[in-house]
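Below are the chains, spelled out letter by letter.
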Amino acid sequence: MAVCTSAARAEPVSAQDGFGANGTYQWNFELDPYLWLPAASASFAAGRNGQISGGTTVGVPSVSDLFQTLHGAFMGAGITRYGPFSGEVDIQWVDAAQGKTVGPGPGGTSGHLSLSASYVRVAPGFGYEVYKGALGGLPLTVDARAGFAWFSWSAKATSLFDPVGVSPSGSFVQPWLGFRASLYPAERWRVELAALGQGFGVSGGSWGWGSSLIGTYSFNSWFDVNLGFRALSSTRYESNTGPLDTGQRSFKFTAYGPLAGVGFRF
């Protein structure tokens, strides 16, 4: 086993990421801010027998939709490699709101309904390269991956007829297992297929999955562009059965759509 603690040397993407020219271990880093514009569906329920519930389904947002509804967002991923070992983190934060006219209500007047929601997902993980070879004569690497995802969500709906409204929220952790396969069809090019399963029934009801297919092109040794497709789904059920039972809560979120971003390597 060749081990070296030399400083990272930035290069275009290749199957040698994490290794030096003579096979010694080498640090490589990637930081990848991205924009993900998914179609999404979300639903929640709270209270005994889920008597407070709501949900929504939206298509891929347009630019005008983003200006009208988005309060703030940040999405980014990072990965570091050292030989066959890797560490990664994926962060998503979205805060959005929307208002519309509803009614007529009591007295024949119309009112305004305000809906707001925020969503945070932080998912660190570790990987190990379990295969390095070729597929159809093209370099191929496969990493086994494991980690956990922390979620926090909140929603609020108020109207002229119900100024207090409802505001369910929650947070939870889901462990995940997955793989990442990277194919290098030409110099400076990488096609990456990743998938994971998460939750595994933790705390009585917690499941999810994720997948992505992303193509990367390196303009030079430190700057990449990424373009692809991503899907993510999470489901969480909670049930209180003690003497102070407050009922059940559930949260479901599924999103899928195109992804575009840039990458910085060092």
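Quantities reported herein were computed from a predicted structural model and do not represent experimental measurements.

Section: the side chain of arginine 121
Move 1: With respect to the element layout, arginine 121 can be found in strand E6 (residues 111-135).
Move 2: The class for arginine 121 is buried, based on a relative accessible area of 2%.
Move 3: Aside from chain neighbours lying at most four places away, what touches arginine 121 is Asp90, Ile91, Gln92, Ala149, Trp150, Phe151, Leu196, Gln198, Arg230 and Leu232.

Regarding the nonpolar core
Move 1: Formed by 18 residues in total, the largest nonpolar core has its most connected members in Trp36 and Phe253.
Move 2: Breaking this core down by element, the ones donating at least two residues are strand E1 (27-36), E6, strand E7 (138-159), strand E8 (169-183) and strand E12 (248-265).

Digging into the confidence of the model for the chain
Move 1: Predicted confidence across the chain gives a mean pLDDT of 79, with 65% of residues reaching 70 or more.
Move 2: Looking across the chain, the model is least confident in strand E3 (residues 52-58), with a mean pLDDT of 53, and most confident in strand E9 (residues 189-198), with 96.
Move 3: The model gives residues 241-246 a pLDDT under 50, and that stretch makes five contacts with residues more than four places away or in other chains.

What about the side chain of glutamate 88?
Move 1: Tracing the backbone shows glutamate 88 in strand E5 (residues 85-102).
Move 2: Given the relative accessible area of 15%, glutamate 88 is considered buried.
Move 3: Among the polar contacts listed, one links the side chain of glutamate 88 to the side chain of arginine 145, at a separation of 2.7 Å.
Move 4: Separated by 3.0 Å, the side chains of glutamate 88 and arginine 180 make a polar contact.
Move 5: Once residues lying within four places of it in the same chain are set aside, the contact partners of glutamate 88 are Gly78, Ile79, Ala123, Pro124, Gly125, Arg145, Trp176 and Arg180.

A few points about the pairing of E8
Move 1: Of the pairings in the sheet, the one linking E8 to E9 comprises eight bridges and is antiparallel in character. Directly across from leucine 177, in E9, lies its bridge partner glycine 197.
Move 2: As consecutive antiparallel partners, E8 and E9 are separated by five residues, and within that stretch arginine 188 has a phi angle of approximately 80°, a positive value.

Comments concerning a nonpolar patch on the surface
Move 1: A cluster of nonpolar side chains, Leu31, Trp222, Phe264 and Phe266, forms an exposed patch at the surface whose accessible area comes to about 410 Å².
Move 2: Mapped onto the fold, phenylalanine 266 is located in the segment after E12.
Move 3: Owing to a relative accessible area of 45%, phenylalanine 266 belongs among the partly exposed residues under this scheme.

Side note on the pattern of salt bridges
Move 1: Within this structure, the stated rule accounts for nine salt bridges.
Move 2: Residue arginine 121 pairs with aspartate 90 through a salt bridge whose shortest N-O separation is 3.3 Å. Here the residue arginine 121 occupies a position in strand E6, and aspartate 90 occupies one in strand E5, the gap between them amounting to 31 residues.
Move 3: A residue is classified by how much of its surface remains accessible, and aspartate 90, at 9% relative accessible area, is buried.
Move 4: Bridged by salt links that share partners, the residues Arg81, Glu88, Asp143, Arg145 and Arg180 form one connected network.

Scoring rules and cut-offs
- Residues numbered from 1 in each chain as written.
- Predicted model: local features only at pLDDT ≥ 70, side-chain atom pairs only at ≥ 80, totals over all residues.
- Heavy atoms only, no water.
- Helix = DSSP H or I, 4+ residues; strand = E, 2+ residues; numbered from the N terminus.
- Buried < 20%, exposed > 50% of the residue type's maximum accessible area, 1.4 Å probe, protein only.
- Contact = heavy atoms within 4.5 Å.
- Core = buried A, V, L, I, M, F, W, Y, C linked by side-chain atoms within 4.5 Å.
- pLDDT = per-residue confidence, 0-100.
- Polar contact = N/O pair within 3.5 Å; in protein donor to acceptor, adjacent residues only side chain to side chain.
- Pairing = 2+ DSSP bridges.
- Patch = residues over 30% accessible without salt bridge, like charges linked within 9 Å, V, L, I, M, F, W, Y side chains within 5 Å.
- Areas by Shrake-Rupley, 256 points an atom, 1.4 Å probe, with all protein chains shown as cover.
- Salt bridge = Lys/Arg side-chain N within 4 Å of Asp/Glu carboxyl O.

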